[in-house]
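# Per-entry structural report
Each chain, written out:
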Amino acid sequence: MAQVSMTVRMDSQLKLAFDSLCQQFGMSANTAMNIFANAVVTYRKIPFEIKASRREPEMDGWTAFNELRKMAEKNQLPDLSLDEINEEIRLYREGK
């Protein structure tokens, strides 16, 4: 059977951890991805459970932005500068 290439994008730290574990299992990351793909095709499902957490889903970024914009307009607040927006994002990420 002909072989084809597939490109997968993932976080660099995840890739390093994945490669390391695959090596410990005695296989390459390529072999592990082939095992995964074969399991999906054979069983016609993802071979592990995928489920949402019990907490309510968070508002997506665009919806949150529009809600904040409406609140700012209602209270006649001035627009934030790009630096202020970036600082808000930084503070949010630190608090997560």
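Residues numbered from 1 in each chain as written. Predicted model: local features only at pLDDT ≥ 70, side-chain atom pairs only at ≥ 80, totals over all residues. Heavy atoms only, no water.

With that settled, the discussion passes to the pattern of salt bridges. Tallied over the full model, the rule gives four salt bridges. The shortest N-O distance in the salt bridge between Asp19 and Lys15 comes to 2.5 Å. Taken together, the residues Asp19 and Lys15, both in helix H1 (residues 12-24) and four residues apart, mark about one turn of the helix. Classification of Asp19 as partly exposed rests on a relative accessible area of 27%. (Salt bridge = Lys/Arg side-chain N within 4 Å of Asp/Glu carboxyl O. Helix = DSSP H or I, 4+ residues; strand = E, 2+ residues; numbered from the N terminus. Buried < 20%, exposed > 50% of the residue type's maximum accessible area, 1.4 Å probe, protein only.)

Now for the environment of Glu94. Counting through the fold element by element, Glu94 comes out in helix H4 (residues 82-95). Reaching out from Glu94, the side chain makes a polar contact with the side chain of Arg90 at a distance of 2.4 Å. (Polar contact = N/O pair within 3.5 Å; in protein donor to acceptor, adjacent residues only side chain to side chain.)

Between H1 and helix H2 (residues 29-43), the least distance of the axes is 9 Å, while the angle of their chain directions is 85 degrees. Here H1 lies roughly perpendicular to H2, going by the angle between them. Of H2, the residues touching H1 (which contributes Phe18, Asp19 and Cys22) are Ala29, Ala32 and Met33. (Axes fitted to C-alpha atoms, helices over the stretch in contact; angles between N-to-C directions. Parallel < 35°, antiparallel > 145°, perpendicular 65-115°, else oblique. Contact = heavy atoms within 4.5 Å.)

It is worth spelling out H2 at this point. If you check H2, its first and last C-alpha atoms are 21 Å apart, about what 15 residues at 1.5 Å a residue would give, namely 21 Å. When we look at burial in H2, the residues that qualify are Ala29, Ala32 and Ala39. Angularly, the buried residues of H2 cover 85 degrees about the axis, an arc narrow enough to put them on a single face. Exposed and oriented more than 90 degrees from the buried face of H2 are Asn30, Val41 and Thr42. Positive backbone phi, approximately 55 degrees, marks Arg44, located one or two places after H2. (Expected span 1.5 Å × (residues − 1). Arc of directions from axis to C-beta.)

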